[in-house]
Amino acid sequence: MTSDDAPTPSITQIYRDRSVTFDRLVAEDDAMTEVVRQAERAARSDASVLIVGETGTGKTLLAQAIHNTSPRAAKPFVAANCAAFAESLLESELFGHEKGAFTGAERVKKGVFELADGGTLFLDEIGELSKNAQAKILRAVEYKEFERLGGEETLRSDIRILFATNRDLAEAVRNDEFREDLFYRVNEFKVEIPPLRQRKRDILPLALRYLQECNATFGYHLTGFTPEAERALLSFDWPGNARRLRSIVKRACALADGDVLTVEDLDLTAPSVRAPTKAPEASAGAPENLEDWSLATVERRHIERVLEHTKGNKSEAARVLGIARTTLDRKIATYGIDA
Ligand SMILES: Nc1ncnc2c1ncn2[C@@H]1O[C@H](COP(=O)(O)OP(=O)(O)OP(=O)(O)O)[C@@H](O)[C@H]1O
Ligand SMILES: [Mg+2]
């Protein structure tokens, strides 16, 4: 995985690549050109923007493009993944802390609101913040004012805030999981990226883009796809969206024998992306298909079960599985689980 392919950053990440602009986005389908048009308009203003879309649809890429096209482009772009904040460290991650604010606070630390001063703060997975955290963030989002933990002085940051989520925040408000007052601050200007299966005209241009990327990186001389491979790409459902497409094309490029990628090279039916099968219990007798005993299949099935149990609540599922929320997201995208 290259750095720009990572799902959401672990906690805080400062992106410095100013070359990521709207030109970097493949947008052939009308649904996507409209998204880019809206985002370009938003980029010129200083308004907050909420980017909504399934995992791998390009939310982080779009946020970078907005920042790099905005008057703040020369200033920092700080991305913070709200889902990765441990509740106990939340305030210090967001607002920083003074020396001695708590045991172990050996020096002053700036939080993301302060680090982004002059530039853009990207609050990713905003829908995963606890109610308690939502209350803490409200004032800083609204007035860009906050205090470092253990500090007296009120600090003011000159920032533009971008938000992203894969949740329906309006529904979260109705379910009393998201504060209504924060919702209105976050939802000022919403840009919704449709899933790849709803913008089919982007599929082949994206696939070709990734093939060319492989040619450039590894010195391959691949020229394209067979008609059958193109049809398979077009009819695939694309859980995991552009990220999944990219990893499938990259793997195919590495495996291909000829100059053209075939449907076999793409291997869209590989266990990791196949529709759920009846994976056996670990204690059951041998399955009909031994592939069903692969760790990948069992892991996928297990994650699906836990998600079923938590009614699709991913934070809860990650807790049950004992893995980080970001790790779970990655596995969901990799296995193409319909969460
Ligand atoms: N329109 C696009 N054109 C070109 N590449 C794209 C496009 N959309 C997404 N990608 C690529 O797909 C991958 C995933 O994109 P990105 O990380 O921005 O998705 P995301 O919506 O932020 O995912 P997550 O919800 O997991 O954080 C990246 O490698 C990105 O460069
Ligand atoms: Mg992202």
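To be clear, the structure that these remarks concern was listed above.
Here the residue numbering is sequential within each chain, running from 1 through the sequence in written order. For naming, the first written chain is A and the first written ligand is 1, with later ones following in the order written. A pLDDT threshold of at least 70 governs which residues receive local features in this predicted model, and a stricter bar of 80 or more applies before side-chain atom pairs are shown or counted, although totals over entire chains, interfaces and linings include all residues. To obtain the side-chain values, all non-hydrogen atoms of the structure were included, while hydrogens and water were left out.

Undergrad: Mind showing me how you'd approach the packing of helix 13 (residues 314-321) against helix 14 (residues 325-335) here?
TA: Helix-helix packing: each pair is described by the crossing angle between the helix axes and the interaxial distance. Here an angle of 0 to 180 degrees is reported between the N-to-C directions of two axes, which are lines fitted to C-alpha atoms, with helices fitted over the stretch in contact. Runs of H or I in DSSP of at least four residues are treated as helices and runs of E of at least two as strands, each being numbered from the N terminus. It is the contact of helix 13 with helix 14, at a shortest axis distance of 9 Å, that shows an interaxial angle of 105 degrees. Classified by the interaxial angle, the pair formed by helix 13 and helix 14 is roughly perpendicular. Note on element contacts: helix 14 touches helix 13 through Arg325, Leu328, Asp329 and Ile332, opposite Lys314, Ser315, Ala317, Ala318 and Leu321. Ten residue types, Ala, Val, Leu, Ile, Met, Phe, Trp, Tyr, Cys and Pro, are classed as nonpolar, four, Asp, Glu, Lys and Arg, as charged, and the remainder, Gly among them, as polar. Its residues assigned to classes, the contact of helix 13 with helix 14 comprises 5 nonpolar, 1 polar and 3 charged. For this classification, under 35 degrees means roughly parallel, over 145 means roughly antiparallel, 65 to 115 means roughly perpendicular, and everything else is oblique. Should any heavy atoms of two residues lie within 4.5 Å, those residues are considered in contact.

Undergrad: For this particular structure, what's the right way to read the packing of aromatic side chains?
TA: Here the distance between the centres and the angle between the planes together describe a pair of aromatic rings. Two rings belonging to Phe, Tyr or Trp (six-membered ring only in the last case) form a pair when the distance between their centres is within 6.5 Å. Interplanar angles under 30 degrees mark stacking, angles over 60 mark edge-to-face geometry, and anything in between is tilted. In total, this model carries 8 aromatic pairs according to the counting rule given. Note on Tyr15 and Phe77: the rings are 5.6 Å apart at their centroids and 65 degrees apart in plane angle, and the pair reads as edge-to-face. Of this pair, Tyr15 sits in strand 1 (residues 12-15) while Phe77 sits in strand 3 (residues 77-81), and the two are 62 residues apart along the sequence. The two residues Tyr15 and Phe77 agree in class, both being buried. Through successive ring pairs, a cluster of aromatic residues spans Tyr15, Phe77 and Phe122. The cut-offs for exposure are 20% and 50% of the maximum accessible area for each residue type, with area from a 1.4 Å probe on protein chains only; residues under the lower value are buried, those over the upper are exposed, and the others partly exposed.

Undergrad: Looking at this structure, I do not really get the nonpolar core. What am I missing?
TA: Note that soluble globular proteins tend to have their nonpolar side chains buried in a common cluster. Put simply, a nonpolar core is a bunch of buried Ala, Val, Leu, Ile, Met, Phe, Trp, Tyr and Cys residues held in one set by side-chain atoms that sit within 4.5 Å of each other. With 33 residues, the main nonpolar core has Phe113, Leu123 and Ile126 as its most contacted residues. Sorting elements by how many residues they give to this core places helix 5 (residues 131-143) first, with 5 residues. Within the second largest apolar cluster, 25 residues are counted, among which are Val26, Leu206, Ala252 and Ala256.

Undergrad: How do you make sense of the sheet that holds strand 2 (residues 49-52) when you look at a structure like this?
TA: Adjacent strands of a sheet form backbone hydrogen bonds with each other and so pair up, either parallel or antiparallel. Pairing within the open sheet is mixed, and its 6 strands lie in the order 1-3-4-7-2-8. In the strand order of this sheet, the two ends are held by strand 1 and strand 8 (190-192), each with one partner. Averaged over all neighbouring strand pairs, the angle between strand axes comes to 20 degrees, with direction disregarded. Note: strand 2 against strand 8, 3 bridges, orientation parallel. The residue of strand 8 that forms the bridge with Val52 is Glu192. A pair of strands is considered paired only if DSSP assigns at least 2 bridges between the two.

Undergrad: Just to check I follow, could you spell out the environment of Ser92 for this structure?
TA: By the element assignment, Ser92 lies in helix 3 (residues 90-95). With 17 residues separating them in the primary sequence, Ser92 and Lys109 have C-alpha atoms 7.8 Å apart. In contact with Ser92, not counting residues within four places along its chain, are His97, Phe102, Lys109, Gly111 and Leu149.

Undergrad: What should I look at first to understand the pattern of salt bridges in this one?
TA: Oppositely charged side chains are able to pair whenever their charged atoms sit close together. Whenever Lys or Arg places a side-chain nitrogen within 4 Å of a carboxyl oxygen from Asp or Glu, that contact is recorded as a salt bridge. Inspection of every chain in the model, using the stated rule, returns 27 salt bridges. For Arg167, the salt bridge identified is with Glu177, shortest N-O distance 2.5 Å. Here Arg167 is found in the loop between strand 7 (160-165) and helix 6 (169-174), whereas its partner Glu177 is found in the loop between helix 6 and helix 7 (180-186), with 10 residues between them in sequence. Owing to a relative accessible area of 27%, Arg167 belongs among the partly exposed residues under this scheme. Relative accessible area serves as the criterion here: at 36%, Glu177 is assigned to the partly exposed category. Salt bridges linked by common partners bring Glu125, Glu128, Lys314, Arg325 and Asp329 together as one network.

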